[in-house]
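Residue-level structural notes
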Amino acid sequence: MLSFVIFGNYGIHLFFKKRKQKLILDLNGIEYDLIEKVKTYVTGKSRISYSGRIMRADLIMFNKNIVVIPYNYHLKGLIKQYQPILQYTFDNKNEKLNGVSSLIRIDNLEKEGQKLTLNYRVTDNFLKGQMKTELDLSEKNIDLDKVIENKKYVAQHSI
């Protein structure tokens with residue numbers, strides 16, 4: 001039973017790692033910025049539940065899009081387990097890139113210090129909820145105002 005769990009998790013990891021490679025190939029010819037090992041917090045609430053998750057992620061930022069490649073980060077990075085890739089977009093006309101699991105339309109982006117918060121709605125069969133993904137870039141030497149301007153992100157600055 002234990003070997004089934006270990007090899008099953010390893011298989012899932014390899015599957016999403018291959019999808020990351022497909023995504024990078026699909027971005028060939030597109031100018032993008034890659035930011036690695038970003039602390040990521042995902043929270044959501046609906047009428048009947050509240051959920052939260054903390055993980056690390058690699059970010060790919062390009063015109064009106066942010067692609068989040070999340071992974072569980074165990075034993076200080078010794079063990080990485082990739083998760084489904086998420087593409088956040090400000091543009092209603094964008095199509096999902098090859099290798100991406102979900103395309104999410106952003107309702108609102110907020111910048112507070114070195115943190116970006118992406119707010120969006122989720123409708124799933126019978127549940128409707130508000131979700132929030134927070135990208136903590138405080139450990140990175142990045143000018144977020146310049147990134148927001150260059151990538152044409154619509155931002156609301158929080159006080």
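Residues numbered from 1 in each chain as written. Predicted model: local features only at pLDDT ≥ 70, side-chain atom pairs only at ≥ 80, totals over all residues. Heavy atoms only, no water.

1. A word on the side chain of N65
Position of N65 among the secondary structure elements: in strand β3 (residues 65-74). By relative accessible area, N65 is classed as buried at 1%. Within the structure, the side chain of N65 is placed 3.0 Å from the side chain of Q87, a separation counted as a polar contact. Not counting residues within four places of it along the chain, the set of residues in contact with N65 comprises I60, Q87, Y88, T89, N94 and Y153. (Helix = DSSP H or I, 4+ residues; strand = E, 2+ residues; numbered from the N terminus. Buried < 20%, exposed > 50% of the residue type's maximum accessible area, 1.4 Å probe, protein only. Polar contact = N/O pair within 3.5 Å; in protein donor to acceptor, adjacent residues only side chain to side chain. Contact = heavy atoms within 4.5 Å.)

2. Here we look at the layout of surface pockets
Roughly 220 Å³ of internal volume is contained in the largest pocket. Lining the largest pocket we find 17 residues, and of these V42, R53, M55, L86 and M131 sit closest to its centre. Those elements that place two or more of their residues in the lining of the largest pocket are β1 (33-46), β2 (50-62), β5 (86-89) and β6 (102-105). Top contributing element to the lining of the largest pocket by residue count: β2, with 4 residues. Counted by class, the lining of the largest pocket contains 9 nonpolar, 7 polar and 1 charged residues. (1 Å grid on protein atoms, 1.4 Å probe; cavity = no way out; pocket = protein on both sides within 12 Å on 5 of 7 lines; lining within 4 Å. Points joined across faces, edges and corners; volume = space filled by probe spheres on them. Nonpolar A, V, L, I, M, F, W, Y, C, P; charged D, E, K, R; others polar.)

3. A short note on the nonpolar core
Counting residues in hydrophobic clusters, the biggest one holds 24 residues, and the most contacted among them are L59, M61, I66, Y88, L116 and L135. When residues of this core are traced back to their parent elements, those giving at least two are β1, β2, β3, β5, β8 (115-124) and α2 (144-150). Per-element tally for this core: the top contributor is β2, with 4 residues. Discounting chain neighbours no more than four positions away, the residues touching L116 are M61, L109, E110, K111, T133, E134, L135, L137, L144 and I148. Counting 12 residues, the second largest nonpolar core, distinct from the first, contains L23, V67, I69 and Y82. (Core = buried A, V, L, I, M, F, W, Y, C linked by side-chain atoms within 4.5 Å.)

4. Some remarks on the pattern of salt bridges
Tallied over the entire structure, the rule returns 6 salt bridges. R56 is the partner of E139 in a salt bridge, and the nearest nitrogen-oxygen pair spans 3.9 Å. With a gap of 83 residues between them, E139 in the loop between β9 (127-136) and α2 and R56 in strand β2 connect regions that are remote in the sequence. For R56, a relative accessible area of 17% translates into the label buried. Here K111 makes a salt bridge to D145, at a shortest N to O gap of 3.7 Å. Of this pair, K111 sits in strand β7 (residues 108-112) while D145 sits in helix α2, placing them 34 residues apart in sequence. In this structure D145 comes out as partly exposed when scored by relative accessible area, which is 39%. Residues joined by salt bridges that share partners form a network here, namely K39, R56 and E139. (Salt bridge = Lys/Arg side-chain N within 4 Å of Asp/Glu carboxyl O.)

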